[in-house]
Amino acid sequence: MDPEPVIRFDNVGMRYGRGPEILRDLSFDLPRGSFQFLTGPSGAGKTSLLRLIYLAAKPSRGLISYFGRDAATLPRNELPDLRRRVGVVFQEFRLLGHMNVFDNVALPLRVAGRKRADYAEDVAELLTWVGLGDKMNALPATLSGGEQQRVAIARAVVGQPEVLIADEPTGNVDPEMGMRLLRLFAELNKLGTTIIIATHDLQLVRMLDAPVMTLSNGHLHIRPPRSERLRMQEAAEAEAEADRIAAAPAAAAPRSSVDPQASDDDTDPGQSDD
Amino acid sequence: MDPEPVIRFDNVGMRYGRGPEILRDLSFDLPRGSFQFLTGPSGAGKTSLLRLIYLAAKPSRGLISYFGRDAATLPRNELPDLRRRVGVVFQEFRLLGHMNVFDNVALPLRVAGRKRADYAEDVAELLTWVGLGDKMNALPATLSGGEQQRVAIARAVVGQPEVLIADEPTGNVDPEMGMRLLRLFAELNKLGTTIIIATHDLQLVRMLDAPVMTLSNGHLHIRPPRSERLRMQEAAEAEAEADRIAAAPAAAAPRSSVDPQASDDDTDPGQSDD
Amino acid sequence: MTTRIRGRAMTNPIPKPPSGGNGRLLPPDAGRDRPLFVVAAILVFLACIAGLGARGAWLQAQRWTTDLETSLTIQVRPAEGRDAEADADRAAALTRAMPGVEQATSRGRDHALALLTPWLGEGNLPDDLPLPLLVDVRTRSGVTIDTAALQAQLDAEGMAARIDDHGRWANAVRRAAGTAQALGLGLLALLAGAAAAVIAFAARASLAARLDVIDALHLCGAEDRFIAGLFQRRFFMLGLKAGVAGAVFAGLVSLLVSLGDAPADMAFFLPQWASDPFEFVLLACAPVLAGLTAAISARLAVASDLRGRW
Amino acid sequence: MTTRIRGRAMTNPIPKPPSGGNGRLLPPDAGRDRPLFVVAAILVFLACIAGLGARGAWLQAQRWTTDLETSLTIQVRPAEGRDAEADADRAAALTRAMPGVEQATSRGRDHALALLTPWLGEGNLPDDLPLPLLVDVRTRSGVTIDTAALQAQLDAEGMAARIDDHGRWANAVRRAAGTAQALGLGLLALLAGAAAAVIAFAARASLAARLDVIDALHLCGAEDRFIAGLFQRRFFMLGLKAGVAGAVFAGLVSLLVSLGDAPADMAFFLPQWASDPFEFVLLACAPVLAGLTAAISARLAVASDLRGRW
Ligand SMILES: Nc1ncnc2c1ncn2[C@@H]1O[C@H](COP(=O)(O)OP(=O)(O)OP(=O)(O)O)[C@@H](O)[C@H]1O
Ligand SMILES: Nc1ncnc2c1ncn2[C@@H]1O[C@H](COP(=O)(O)OP(=O)(O)OP(=O)(O)O)[C@@H](O)[C@H]1O
Ligand SMILES: [Mg+2]
Ligand SMILES: [Mg+2]
């Protein structure tokens with residue numbers, strides 16, 4: 001792994017107020033340029049975990065570091081710069097009702113001080129890509145649910161952020177558009193953006209060969225991408241084969257149908273998805 | 001079909017303001033006690049169609065009748081009574097932020113003048129059924145997206161309405177919970193509720209043997225349930241067989257892979273889903 | 001419906017429903033409405049102060065004109081061969097006999113001299129200067145004395161007496177009093193109007209933040225009357241409470257002002273605590289009016305919103 | 001990043017981005033802020049009226065005390081074997097020679113008689129009554145006349161003259177004027193304070209409906225200063241505009257009142273249009289103060305909201 005991950009969680013726990021711990025002992029890295037899915041049943045804490053990542057909530061214990069820096073000791077005035085390097089698609093969109101689609105999407109660029117002449121065409125192109133080329137002047141209230149979701153996605157990716165955090169970004173669009181959006185994320189990832197997508201859509205998860213983080217009962221379980229699992233399985237089989245050859249006659253090693261554990265924590269494996 | 005459908009659309013068209021017609025020439029019946037899905041790409045007009053059905057928008061032309069009465073000439077003071085016979089799950093939930101989960105769900109019962117002692121246990125039981133038994137005192141703002149969605153569903157079904165209109169009711173929950181909710185709807189349907197569910201989730205659609213209404217380019221295409229299609233297909237085959245036997249030698253009738261048209265309008269068939 | 005689902009497989013036991021009464025249909029007024037509350041309270045306070053001030057001005061002006069209208073002066077001029085003091089006493093006696101007269105006092109020469117001193121300097125006047133003597137008459141208020149008859153009586157007695165009903169001042173004082181009263185009422189109207197406008201606008205603004213509640217209730221099948229009634233009650237209570245706060249504060253301030261001793265003439269526009277029922281009526285009405293203003297504007301706003309819905 | 005996607009299959013042509021300037025970062029103030037605007041305008045109007053009224057009271061009170069302080073009266077008593085009229089003229093001449101005296105007019109016997117008429121009745125006084133004659137003296141304001149020296153001079157001339165500096169009235173008038181001024185200032189402070197409080201609260205309420213904008217900007221990486229600045233500017237302009245509306249209206253009203261002829265004495269607490277720079281300064285400052293109040297309370301509210309976020 002990269003010596004300096006974009007985000008590192010170290011024994012992080014989180015609770016709301018005096019409630020129970022929603023997240024417990026999370027320890028993981030998001031390596032630079034990586035792509036991962038985050039799944040788990042409704043209410044498992046996916047949004048809460050993402051909120052920790054985009055610094056909208058503070059952990060109740062543990063250490064989160066961001067580009068190698070401890071988030072807890074980050075001075076307030078460095079926050080804006082950091083936020084500009086992160087794009088977020090919120091589960092509930094959070095568009096600004098008084099701005100049209102174009103201005104909503106252009107917002108991060110304006111805040112970053114870019115000139116309209118510079119970005120106007122890029123924004124238009126991006127909106128066309130997500131199928132909203134003819135809705136640039138519409139206000140969010142006049143958009144369908146899926147259209148609003150696509151505006152939220154466009155706003156998150158328009159600045160080509162270093163990290164993209166998307167919470168259920170395809171919950172309101174049809175499967176075809178979902179694939180299209182996933183392609184957009186993949187494209188962005190190829191250009192170097194670290195991506196984490198929380199989703200319930202297993203169809204989507206199966207589309208990409210990416211690691212899947214699964215939350216359940218507050219614990220995180222990370223399943224490596226299929227390719228890696230295959231490689232590991234082959235390695236295990238090869239080893240078993242070698243063992244068998246070396247020490248025959250012995251019981252054949254049973255084929256592991258359990259996911260190899262990539263993280264070193266001892267969480268329960270959560271639900272299996274296929 | 002039932003002589004008096006719960007809802008009848010007759011050549012209905014709809015536009016927002018001066019915009020283009022979102023819905024064109026819709027003519028269909030929702031028979032009493034029926035169950036149907038409504039699909040179509042994002043922005044096709046599903047929500048708009050449902051808004052017409054639950055009387056939150058007026059058609060720009062055509063006739064909508066409700067329990068056999070013309071909606072356009074419905075006097076204002078009969079509206080509340082009608083609304084109480086309809087439960088709606090909104091795409092964006094529309095929970096009341098100052099009320100806890102229990103009170104949000106109990107709202108339709110209170111508005112209908114029922115006493116708390118009468119319904120408290122039913123509400124608690126329903127909330128338990130949707131997995132929110134331990135969140136009855138929580139405020140909506142402290143719920144996850146999926147939890148909010150389930151509250152919205154519980155609120156819509158708690159009064160056992162005669163018609164249930166659900167807009168993307170499983171967009172924010174995991175597949176397992178989605179199935180559970182679908183079971184809830186099916187149960188309700190068995191008890192006599194007419195149900196229409198707008199969804200992008202084809203997995204869900206495949207679960208039930210129900211007709212699927214598909215919107216695309218403003219037109220509606222209705223595909224009968226699988227059982228009926230099979231029956232029709234068999235009938236067609238039997239007829240073809242009979243024809244073949246009667247008038248051999250002739251070209252074998254090609255097996256129709258196109259869905260038989262249940263509606264009599266000439267819309268394009270939209271995307272096929274399997 | 002759930003009762004019929006009950007038979008189905010259900011793993012978890014059903015927790016008890018939350019106890020306690022129904023949650024409020026409207027959000028509690030805690031945070032959001034505090035601005036409206038403060039604004040309304042301030043304006044009710046100002047309106048009450050204006051009302052009490054106007055009352056003070058009114059009373060003072062009333063007092064002036066009453067003073068003027070209930071007092072007469074009879075000048076008894078010394079005449080050759082007559083005892084002026086005796087004439088003055090006689091004039092007083094005659095006047096007292098008139099209907100409507102409460103009091104008539106004959107003033108001696110010393111009184112007349114004292115009046116002149118500021119103008120002539122002390123010890124400047126010869127002792128034998130024939131000074132006119134004065135009789136102060138106080139009549140019952142609301143009664144007009146028949147001055148012509150009195151004059152005739154005095155003339156018949158052979159006195160050189162002249163009745164002065166202060167007509168010379170009356171017009172000026174009456175005009176001044178009228179202006180003061182108009183001014184007080186104008187100020188009151190201005191502030192009461194401002195209070196009403198502000199409360200109405202604030203109620204509307206406060207309502208705009210609650211359209212979601214109207215929406216939810218409407219779609220659940222609540223009747224328009226029911227929804228409007230909810231908001232109306234809420235805003236009435238809010239206006240009432242704010243009004244009480246403002247009125248109580250105004251009462252305290254006016255009490256303080258009355259306790260402190262401002263020079264009587266100038267206390268004129270100060271809120272006065274005359275401790276008569278008027279104060280209580282004013283201070284009691286203000287909150288009710290504030291409540292009604294808030295309630296009515298809320299009701300109108302809700303009604304117009306609802307009419308726009310179907 | 002989109003430039004690099006451009007190579008990919010894209011079926012539809014890219015439409016032109018909307019022309020025109022950037023959309024506003026804050027919602028336009030059209031509907032939502034109208035209540036704040038109206039409330040602020042009404043209160044600025046009231047505060048301006050109070051300010052002009054206080055100014056009127058102040059000026060009037062000033063005038064009284066100035067009148068009092070810049071006038072003296074010399075009483076020249078008739079003495080055996082002296083010509084009183086000549087004495088009075090001489091006293092006037094002597095007084096005119098004093099430093100700080102602007103004018104000294106000797107009044108004749110007729111004047112003295114006229115003063116007494118109301119008290120004594122006409123034609124009551126013998127023609128040879130030895131009346132004291134008066135000399136009206138008007139001094140330059142701010143200068144104190146050395147009355148002792150003047151008295152000495154008059155005594156040296158052998159006249160029976162007495163200088164009256166109106167000390168007898170001075171205290172009462174000064175107290176009355178002071179009360180009037182305090183009252184005016186108090187009213188002004190009350191209304192200005194109420195205006196500020198109302199504007200601050202209304203700005204806060206108006207802001208509460210916009211937390212989503214703060215949220216979005218904050219999460220997009222906007223600096224706190226930038227966000228606070230946006231709101232501050234917006235609310236400053238809003239307060240300023242409302243203030244201008246209120247002040248202009250107050251100016252018009254006071255002009256109208258000044259044109260109508262209220263009795264001079266009672267015009268006292270009416271807003272006065274003395275057409276001196278003060279009115280303009282007051283009416284110009286009020287909107288600025290309203291704007292600043294709104295801006296500062298908005299800034300504080302935004303800052304406290306932002307501090308609560310990370
Ligand atoms: N502000 C809050 N205060 C208290 N509890 C909260 C708050 N936000 C979330 N929770 C609780 O934390 C738990 C996890 O919520 P979270 O939103 O992270 O779930 P999620 O995995 O995103 O679910 P979903 O898939 O339904 O969106 C839930 O039980 C929720 O009720
Ligand atoms: N209030 C409105 N004013 C103008 N246009 C609107 C309004 N509401 C929706 N539209 C437009 O009407 C079209 C259909 O919207 P609708 O919400 O019915 O779509 P939908 O099928 O529900 O889509 P989704 O699956 O994304 O929710 C969209 O193009 C949308 O932009
Ligand atoms: Mg979530
Ligand atoms: Mg929709």
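All residue numbers refer to position in the chain's written sequence, counted from 1. For naming, the first written chain is A and the first written ligand is 1, with later ones following in the order written. In keeping with the predicted nature of the model, local features appear solely for residues at pLDDT of at least 70, side-chain atom pairs appear and are counted solely at 80 or more, and the whole-chain, interface and lining totals rest on all residues. Calculation of side-chain values draws on the structure's entire complement of heavy atoms; hydrogens and water are dropped beforehand.

Explanation requested: the overall build of chain A in the structure shown.
In this text, helices come from DSSP runs of H or I with a minimum length of four residues, and strands from runs of E with a minimum of two, each type numbered from the N-terminal end. Check the secondary structure of chain A and you find eight helices and 10 strands. The contacts of chain A with a sequence gap of at least 6 include a subset with a gap of at least 24, amounting to 70%. Just so you have it, chain A exposes about 11800 Å², and 50% of that area is on carbon and sulfur atoms. By the convention used here, residues are in contact when the closest approach between their heavy atoms is within 4.5 Å. The Shrake-Rupley method, run with a 1.4 Å probe sphere, supplies the accessible areas, and residue values consider only the shown protein chains as cover.

How should the overall build of chain C be read in this particular structure?
When helices and strands are tallied, chain C shows nine helices and four strands. If you list the helices and strands of chain C from N to C, you get α-α-β-α-β-α-β-α-β-α-α-α-α. Going through the 310 residues of chain C one by one, you find that 46% of them count as buried. A fraction of 83% describes how many contacts in chain C between residues 6 or more apart in sequence connect residues 24 or more apart. Per element, the accessible surface of chain C, about 14800 Å² overall, is 59% carbon and sulfur. Relative accessibility decides the category of a residue: with a 1.4 Å probe and only protein chains considered, values under 20% of the type maximum give buried, values over 50% give exposed, and everything between is partly exposed.

Help me out: how do you make sense of the site of ligand 2 in this one?
Not every one of the 19 residues close to ligand 2 is listed here, only the nearest: Ser144 and Gly146 of chain A together with Lys46, Thr47 and Ser48 of chain B. Throughout, near means a residue has at least one heavy atom within 4 Å of the molecule or strand. Chains contributing residues near ligand 2 are chains A and B. N or O atoms within 3.5 Å of each other form a polar contact, as long as, within protein, one can give a hydrogen and the other can take it, and as long as residues adjacent in sequence are counted only when both atoms are side-chain atoms. With respect to ligand 2, the side chain of serine 144 of chain A contributes an N or O atom lying 2.6 Å from an oxygen atom. In the environment of ligand 2, an oxygen atom lies 2.6 Å from a nitrogen or oxygen atom belonging to the side chain of serine 48 of chain B. Here ligand 2 loses 87% of its free accessible area of 640 Å² to cover by the protein chains. Broken down by secondary-structure element, the contributors of at least two residues to the shell around ligand 2 are α5 (145-157) of chain A together with α1 (46-53) of chain B. Gly is put with the polar residues, along with every residue not named as nonpolar or charged; the nonpolar set is Ala, Val, Leu, Ile, Met, Phe, Trp, Tyr, Cys and Pro, and the charged set is Asp, Glu, Lys and Arg. Looking at the shell around ligand 2, its residues break down into four nonpolar, 12 polar and three charged.

Would you explain the packing of helix α5 (residues 145-157) of chain B against helix α6 (residues 175-190) of chain B in this entry?
For any two helices packed against each other, one specifies the inter-axial angle together with the distance between the axes. All names here are of chain B. At a minimum axis separation of 12 Å, α5 and α6 run at an interaxial angle of 5°. If you check the angle between α5 and α6, you find them roughly parallel. Here Arg150, Ile153 and Val157 of α5 come into contact with α6, specifically with Met177, Leu181, Leu184, Phe185 and Leu188. Tallied by class, residues from the contact of α5 with α6 come to seven nonpolar, no polar and one charged. Interaxial angles span 0 to 180 degrees and are taken between N-to-C directions of axes, which are lines fitted to C-alpha atoms, for helices over the stretch in contact. An angle below 35 degrees is read as roughly parallel, one above 145 as roughly antiparallel, one from 65 to 115 as roughly perpendicular, and any other as oblique.

Even after reading the chapter, I still don't get the pattern of salt bridges, so can you show me in this structure?
Opposite charge on two side chains makes pairing possible when the charged atoms of those side chains draw close. The salt bridge criterion pairs a side-chain nitrogen of Lys or Arg with a carboxyl oxygen of Asp or Glu, the two atoms within 4 Å. The full count for this structure, using the stated rule, is 31 salt bridges over all chains. With its nearest N and O atoms 3.6 Å apart, the salt bridge here joins glutamate 223 of chain D to arginine 84 of chain A. Of the two residues, glutamate 223 of chain D sits in the loop between α7 (211-219) and α8 (224-259) while arginine 84 of chain A sits in helix α2 (residues 79-84), which places them in two different chains. Judged by relative accessible area, glutamate 223 of chain D falls into the partly exposed class, the value being 32%. Judged by relative accessible area, arginine 84 of chain A falls into the partly exposed class, the value being 29%. In this structure, a network of salt bridges that share partners links the residues Glu4, Arg32, Arg85 and Glu162 of chain A.

Explain the coordination of the magnesium ion (ligand 4) here, please?
When a metal carries six donors in an octahedron, the ideal angles between them are 90 or 180 degrees, while four donors in a tetrahedron ideally lie at 109.5 degrees. Residues and elements named next belong to chain B. Only N, O and S atoms count as donors, using a 2.8 Å cut-off from the metal and 3.2 Å for Na, K and Ca, and because water is excluded some sites may appear unfinished. The protein atoms that coordinate the magnesium ion (ligand 4) are Thr47 (OG1) and Gln91 (OE1), at distances of 1.9 to 2.2 Å. On the criterion of sequence distance, the pair formed by threonine 47 in helix α1 and glutamine 91 in the loop between β6 (86-89) and α3 (101-111) is long-range, its members being 44 residues apart. By relative accessible area, threonine 47 is classed as partly exposed at 23%.

So what exactly am I meant to see when it comes to the pairing of strand β1 (residues 7-15) of chain A here?
On any regular strand, side chains alternate: one points to one face of the sheet, the next to the other face. Residues and elements named next belong to chain A. The pairing of β1 with strand β4 (residues 61-66) spans five bridges and is classified as antiparallel. Bridging across to β4, arginine 8 finds its partner in serine 65. For two strands to be treated as a pair, DSSP must find no fewer than two bridges joining them. Counting the residues in the hairpin turn of β1 and strand β2 (residues 21-30) gives five residues, including glycine 17, whose phi is positive at 55°.

How should I be thinking about the packing of aromatic side chains in this particular structure?
What characterises a pair of aromatic rings is the spacing of the ring centres plus the angle enclosed by the ring planes. Two rings from Phe, Tyr or Trp (for Trp, the six-membered ring) form a pair when their centres sit within 6.5 Å of each other. Planes less than 30 degrees apart are called stacked, planes more than 60 degrees apart edge-to-face, and all others tilted. In total, this model carries 10 aromatic pairs over all chains according to the counting rule given. Their ring planes at 65° and their centres at 5.5 Å tell us that phenylalanine 35 of chain B and phenylalanine 37 of chain B sit as a pair that is edge-to-face. Each member of the pair, phenylalanine 35 of chain B together with phenylalanine 37 of chain B, is buried. Ring-over charges, as used throughout, are those where CZ of Arg or NZ of Lys falls within 6 Å of the ring centre and within 35 degrees of the ring normal. Note that arginine 85 of chain A overlies the ring of phenylalanine 67 of chain A, its terminal NZ or CZ placed 3.9 Å from the centroid. Above the face of the phenylalanine 90 of chain B ring, arginine 94 of chain B is positioned so that its terminal group lies 4.3 Å from the ring centre.

What's the story with the interface of chain D and chain A in this structure? I'm lost.
One frequently used descriptor of interface size is the decrease in accessible area upon assembly of the parts. Listed per partner, the contact involves 41 residues of chain D and 41 residues of chain A. Carbon and sulfur atoms make up 61% of the surface buried where chain D meets chain A, a total of about 3900 Å² over both sides. Between chain D and chain A we count three salt bridges in total. Linking chain D to chain A there are five residue pairs in polar contact (both at pLDDT 80 or more). Listed by contribution, the elements that provide at least two residues to the side of chain D that touches chain A are α1 (2-5), α7 and α9 (277-307) of chain D. Of all the elements, α7 of chain D adds the most residues to the side of chain D that touches chain A, at seven residues. The residue makeup of the side of chain D that touches chain A, split by class, is 21 nonpolar, 10 polar and 10 charged. When two parts are brought into contact, each loses some accessible area as probed by a 1.4 Å sphere; the total of that loss over both is the buried area.

Explain unusual backbone geometry here, please?
In terms of backbone geometry, most residues other than glycine have negative phi values and most peptide bonds are trans. Residues and elements named next belong to chain A. In the Ramachandran plot, aspartate 25 falls in the positive-phi region, its phi being about 50° despite a non-glycine side chain. Structurally, the position occupied by aspartate 25 is in strand β2. Given the relative accessible area of 32%, aspartate 25 is considered partly exposed. One non-glycine residue, asparagine 217, adopts positive backbone phi at about 55°. Note on placement: asparagine 217 falls in the loop between β9 (212-216) and β10 (219-223).

Quick question: what am I supposed to make of the sheet that holds strand β4 (residues 160-164) of chain D here?
Note on sheets: strands pair through backbone hydrogen bonds, and any given pair is parallel or antiparallel. Residues and elements named next belong to chain D. Pairing is antiparallel across the open sheet formed by four strands, whose spatial order is β2-β3-β1-β4. The open sheet terminates on both sides in strands that have one partner only, identified here as β2 (101-106) and β4. Adjacent strand axes in the sheet meet at a mean angle of 20° when their direction is disregarded. Pairing geometry for β2 and strand β3 (residues 133-139), over five bridges, is antiparallel. Of the residues in β3, the one forming a bridge with glutamine 103 is arginine 138. This element, helix α3 (residues 84-96), spans β1 (71-77), β2 and β3 of the sheet and lies at about 175° to β2. In this fold helix α5 (residues 147-156) packs onto β1 and β4, with an angle of close to 165° to the strand it touches most, β4.

Quick question: what am I supposed to make of the sheet that holds strand β2 (residues 21-30) of chain B here?
Residues and elements named next belong to chain B. Taken in spatial order, the four strands of this open sheet run β2-β1-β4-β5, and their pairing is antiparallel. Each having just a single partner strand, β2 and β5 (69-70) make up the two edges of the open sheet. By the bridge criterion, six bridges tie strand β1 (residues 7-15) to β2 in an arrangement that is antiparallel. Bridging across to β2, isoleucine 7 finds its partner in leucine 30. Relative to the sheet, α1 contacts β1, β2 and β4 (61-66), its axis offset from that of β2 by approximately 55°.

Looking at this structure, how should I read the nonpolar core?
Nonpolar side chains tend toward joint burial in soluble globular proteins. Ranked by size, the top nonpolar core spans 106 residues in total, and within it Phe231 of chain C together with Phe231 of chain D carry the most contacts. Beyond its immediate stretch of four places on either side in the chain, phenylalanine 231 of chain C contacts Leu26, Leu207, Arg210, Val213, Ile214, Ala298 and Val302 of chain C. For this analysis, a nonpolar core means a set of buried residues of the types Ala, Val, Leu, Ile, Met, Phe, Trp, Tyr and Cys, connected via side-chain atoms within 4.5 Å.

Just checking my understanding: could you explain the site of ligand 1 for this structure?
Around ligand 1 sit 19 residues, and of these Lys46, Thr47 and Ser48 of chain A together with Ser144 and Gly146 of chain B come closest. One chain alone does not account for the residues near ligand 1; they come from chains A and B. A distance of 2.9 Å is found between a nitrogen atom of ligand 1 and a backbone nitrogen or oxygen belonging to threonine 142 of chain B. One nitrogen or oxygen atom from the main chain of glycine 145 of chain B is found 3.3 Å from an oxygen atom belonging to ligand 1. Starting from 630 Å² of accessible surface for ligand 1 in isolation, the protein chains cover 87%. By residue class, the composition of the shell around ligand 1 is four nonpolar, 12 polar and three charged.

Quick question: what am I supposed to make of the confidence of the model for chain C here?
One rule of thumb: low pLDDT means the predicted coordinates there are not for detailed reading. Residues and elements named next belong to chain C. For chain C, per-residue confidence averages 77 on the pLDDT scale, and 81% of positions sit at 70 or higher. Looking over chain C, one finds the lowest element-wise mean pLDDT in helix α1 (residues 2-5), namely 44, and the highest in helix α9 (residues 277-307), namely 88. Note: pLDDT gives the predictor's confidence per residue, expressed from 0 to 100. Here residues 263-268 scores under 50 on pLDDT; set against residues more than four positions off or in separate chains, the count is 18 contacts. Taken over the whole predicted complex, pTM reads 0.79, whereas the ipTM for its chain interfaces reads 0.76.

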